[in-house]
Amino acid sequence: MTRHRSFLAVLSASAVLSGIAQADPGTESLVTLRLIEQYSVPGTIAKDATGRPLSPRTPAYENEWSRTNSQGDVISTNYEYQSRIATTRLSNREFLGFLVSEGVIPAINGWSLKAIYNEVEAIPAFYVTKPGSAPIYVGSYLDMETYGEAEAVNATSLERFNSAGDSIAFSSRDESLTKSETFLTFTTQAAPGAEGSTMHIAGMWQHTLSLRPVRTGGAVEYRYLNGRGSIYAISGSIDDVVSDGSGGFDNFQSIIEGSWLFSAGFPIDDLSDLYPDAEAPPAP
Amino acid sequence: MIRAHYEFTHASGSGGAILLLAAGWVFTRDGKEDTPGETPPPQAASGPLASRPATSSRTTPRDPQATTPANPKLTDEERVAILGKIEEASVTYDAKALPEIEPFLLHPDPEVRTAALNGMIVLGEAGAAPLLRKAAETAPTPQEAVAMTEAAGYLELPSGTFVPKDRTAPGTRLPGGDKAPERRRPKGPPVSEDGDDPK
């Protein structure tokens with residue numbers, strides 16, 4: 001999806017005025033994951049035919065047993081099915097723990113999850129960063145797509161000329177707030193049905209964008225910078241496919257709720273330096 | 001000549017120092033300044049972002065060490081430094097760093113407070129919960145008090161995992177689908193012909 005850019009011309013003009021050649025600038029934003037996972041777990045323990053708990057204690061959903069009198073006559077039959085909902089949190093440290101298990105990073109300490117925006121596309125690329133280490137692209141695990149959206153924009157510009165027709169002053173603004181229906185997929189499965197996990201979530205992504213002057217060194221250029229945002233009202237599920245040890249697969253399911261939060265972005269001079277996977281696609 | 005106002009510094013990921021000229025801007029050439037006509041910002045949909053104080057070209061900066069309207073005592077440079085400190089503490093993922101973030105939960109600057117709250121979530125330790133509940137008692141707004149209380153509850157949840165083999169470790173949950181036990185639905189107790197429960 002391409003961003004609506006009311007003032008791309010202004011951006012170019014200002015860059016020329018400032019004497020700065022446009023590299024591939026972007027914005028870097030901290031991401032805070034705040035997800036809750038819930039799934040069914042057994043609510044009782046396995047029992048024998050008389051209703052006595054088996055040893056060792058084993059979680060179970062259901063049991064059936066009967067009781068007899070001294071003559072061996074059945075005096076009662078019993079059935080139970082019990083489950084409960086287990087709730088866990090999935091935040092940044094759990095995601096980074098996954099990256100450790102995948103060998104992407106050696107340990108979670110010092111690593112941050114970042115959304116990196118270029119100035120052309122709305123959807124960010126995801127990286128993990130640590131001071132002193134090269135950023136690592138993790139977008140191969142996370143896929144983000146948007147569909148319907150609603151947008152509020154305030155874009156204006158004014159240029160004034162003298163009697164000779166020379167431009168003597170220029171000013172503008174461009175601020176927008178966009179709400180996008182968003183789908184996110186996190187997967188470790190090489191193919192559908194293969195062993196691994198896949199999380200599908202949907203939510204409303206609210207994000208802001210504004211044209212701001214940025215000084216790099218001694219000069220000024222004008223950039224579109226992403227403000228604070230969030231994906232809220234998230235709902236979805238995780239499907240786990242695990243080998244059952246006998247050539248088949250066991251399937252597990254859980255549900256997801258929560259939000260993702262994005263901090264206000266900081267400008268990045270040139271994405272190609274550290275975030276090549278976040279670079280804008282070449283112009284057609 | 002370009003004149004601009006409202007600056008703060010940020011060391012970008014590329015290592016270069018960038019001065020971000022926040023808020024509105026006016027620049028002139030040949031020493032002539034122009035003040036644009038004002039257009040009110042769009043009334044965006046309500047929500048946390050919509051209610052955030054917008055930087056606006058209405059602002060006429062006077063001081064090069066200018067600050068945001070939200071907190072006249074904190075420069076943007078100082079804010080960036082604090083946000084960096086919060087991030088640094090949060091990514092230790094160590095409860096020992098909680099006291100480094102806690103003071104910022106009630107900082108006068110709303111952006112710092114938000115960063116501190118998020119930093120607690122990123123750090124991901126249940127030990128943050130009492131600190132958040134304590135801060136909620138004196139939070140500047142009811143909304144923030146609720147957010148802090150909710151974050152406390154969130155952090156008290158047991159930590160899950162994205163690692164498939166750990167997610168389905170033996171004894172944690174049973175497979176679903178065809179292998180899930182099919183629940184039998186017990187019938188209600190028999191009733192007598194006149195509709196009364198048998199005693």
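Residues numbered from 1 in each chain as written. Chains lettered and ligands numbered in written order. Predicted model: local features only at pLDDT ≥ 70, side-chain atom pairs only at ≥ 80, totals over all residues. Heavy atoms only, no water.

Quick look at the overall build of chain B now. Scanning chain B from N- to C-terminus turns up six helices and three strands. Listing every helix and strand of chain B by position from the N terminus yields β-β-β-α-α-α-α-α-α. Burial status across chain B gives 40% buried among its 199 residues. Of the contacts made within chain B by residues no fewer than 6 positions apart, 51% connect residues no fewer than 24 positions apart. (Helix = DSSP H or I, 4+ residues; strand = E, 2+ residues; numbered from the N terminus. Buried < 20%, exposed > 50% of the residue type's maximum accessible area, 1.4 Å probe, protein only. Contact = heavy atoms within 4.5 Å.)

Scanning the model with the defined rule gives 15 salt bridges over all chains in all. With a closest N to O distance of 3.2 Å, Asp-269 of chain A and Arg-223 of chain A form a salt bridge. Highlighted residues: Asp-269 of chain A in the loop between β16 (266–268) and α3 (271–274) and Arg-223 of chain A in strand β13 (residues 219–226), separated in sequence by 46 residues. In this structure, Asp-269 of chain A and Arg-223 of chain A share a single accessibility class: buried. Residues Arg-113 of chain B and Glu-144 of chain B are paired through a salt bridge, measuring 2.6 Å at the closest nitrogen-oxygen approach. Placement of the pair is Arg-113 of chain B in helix α3 (residues 110–123) and Glu-144 of chain B in helix α5 (residues 142–155), with a sequence separation of 31 residues. For Arg-113 of chain B, a relative accessible area of 9% gives the class buried. Accessibility expressed as a relative area gives 19% for Glu-144 of chain B, which makes it buried. Residues participating in the shared-partner salt-bridge network are Glu-28 and Lys-114 of chain A together with Glu-87 of chain B. (Salt bridge = Lys/Arg side-chain N within 4 Å of Asp/Glu carboxyl O.)

Right, let's talk about helix α2 (residues 92–101) of chain A for a bit. Of all the 10 residues making up α2 of chain A, seven are buried; the element is thus mostly covered by neighbouring parts of the structure. One or two positions beyond α2 of chain A, positive phi appears at Gly-103 of chain A, with a value near 80°.

A word on the confidence of the model for chain A. Per-chain confidence: chain A averages 87 in pLDDT, with 92% of residues scoring 70 or above. Here residues 1–21 of chain A is modelled with pLDDT under 50, and outside its nearest four sequence neighbours on either side it reaches 55 contacts, counting other chains as well. (pLDDT = per-residue confidence, 0-100.)

Here we take up the environment of Glu-87 of chain B. You can see Glu-87 of chain B is positioned in helix α1 (residues 76–90). Residues Glu-87 of chain B and Lys-179 of chain B, 92 residues apart in the sequence, show an inter-C-alpha distance of 45 Å. What Glu-87 of chain B contacts, discounting residues up to four positions off in sequence, is Leu-30, Ser-112 and Lys-114 of chain A.

With that settled, the discussion passes to the packing of α1 of chain B against α3 of chain B. To characterise two packed helices, one gives the angle between the axes of the helices and the distance between these axes. Residue and element names in this part refer to chain B. Packing of α1 against α3 leaves a shortest axis separation of 8 Å and a crossing angle of 10°. With respect to α3, the element α1 is oriented roughly parallel. Here Arg-79, Ile-82, Leu-83, Ile-86, Ala-89 and Ser-90 of α1 lie close against α3, whose contacting residues are Glu-111, Val-112, Ala-115, Ala-116, Gly-119, Val-122 and Leu-123. Among the residues making up the contact of α1 with α3, the classes are represented as nine nonpolar, two polar and two charged. (Axes fitted to C-alpha atoms, helices over the stretch in contact; angles between N-to-C directions. Parallel < 35°, antiparallel > 145°, perpendicular 65-115°, else oblique. Nonpolar A, V, L, I, M, F, W, Y, C, P; charged D, E, K, R; others polar.)

All right, on to the nonpolar core then. Across soluble globular proteins, nonpolar side chains have a tendency to be buried as a group. All names here are of chain A. Counting 37 residues, the largest nonpolar core has Phe-95, Leu-99, Phe-126, Trp-260 and Phe-262 as its most contacted members. Per-element accounting of this core gives the leading share, four residues, to α2. In this structure, Leu-99 is in contact with Val-104, Ile-105, Val-128, Val-138 and Tyr-141, ignoring residues within four places of it in sequence. (Core = buried A, V, L, I, M, F, W, Y, C linked by side-chain atoms within 4.5 Å.)

What follows is about the environment of Lys-85 of chain B. Residues and elements named next belong to chain B. Along the polypeptide, Lys-85 turns up in helix α1. On the accessibility criterion, Lys-85 (46% relative accessible area) is partly exposed. Sequence separation between Lys-85 and Lys-134 is 49 residues; the distance between their C-alpha atoms is 22 Å.

For the rest of this paragraph, the subject is the packing of aromatic side chains. Geometrically, a pair of aromatic rings is defined through the distance of the ring centres and the angle of the planes. All names here are of chain A. If you walk through the whole model with that rule in mind, you get 11 aromatic pairs over all chains. Considering the side-chain rings of Phe-95 and Phe-186, the 6.0 Å spacing of their centres and the 70° angle between planes classify their relative orientation as edge-to-face. Of the two residues, Phe-95 sits in helix α2 while Phe-186 sits in strand β11 (residues 167–187), which places them 91 residues apart along the sequence. A relative accessible area of 2% means that Phe-95 is categorised as buried. When its relative accessible area of 2% is taken as the criterion, Phe-186 is described as buried. (Phe/Tyr/Trp six-rings, centres within 6.5 Å; stacked < 30°, edge-to-face > 60°.)

Residues and elements named next belong to chain A. In this sheet, β11 lies alongside strand β10 (residues 142–161) in antiparallel orientation, the contact comprising 18 bridges. Within the sheet, the bridge partner assigned to Ser-157 lies in β11 and is Ser-172. The hairpin turn running from β10 into β11, its antiparallel successor, is five residues long, and Gly-165 in that turn takes a positive phi close to 85°. (Pairing = 2+ DSSP bridges.)

All names here are of chain B. Spanning 14 residues, α3 covers 20 Å between terminal C-alpha atoms, matching the ideal 20 Å at 1.5 Å per step. Of all 14 residues that make up α3, 10 are buried, and the element is covered over most of its length. Every buried residue of α3 is accounted for by Val-112, Arg-113, Ala-116, Leu-117, Asn-118, Gly-119, Met-120, Ile-121, Val-122 and Leu-123. The backbone nitrogen of Glu-111 lies 2.9 Å from a side-chain oxygen of the residue at the head of α3, namely Asp-109. Positive backbone phi, approximately 70°, marks Gly-124, located one or two places after α3. (Expected span 1.5 Å × (residues − 1). Polar contact = N/O pair within 3.5 Å; in protein donor to acceptor, adjacent residues only side chain to side chain.)

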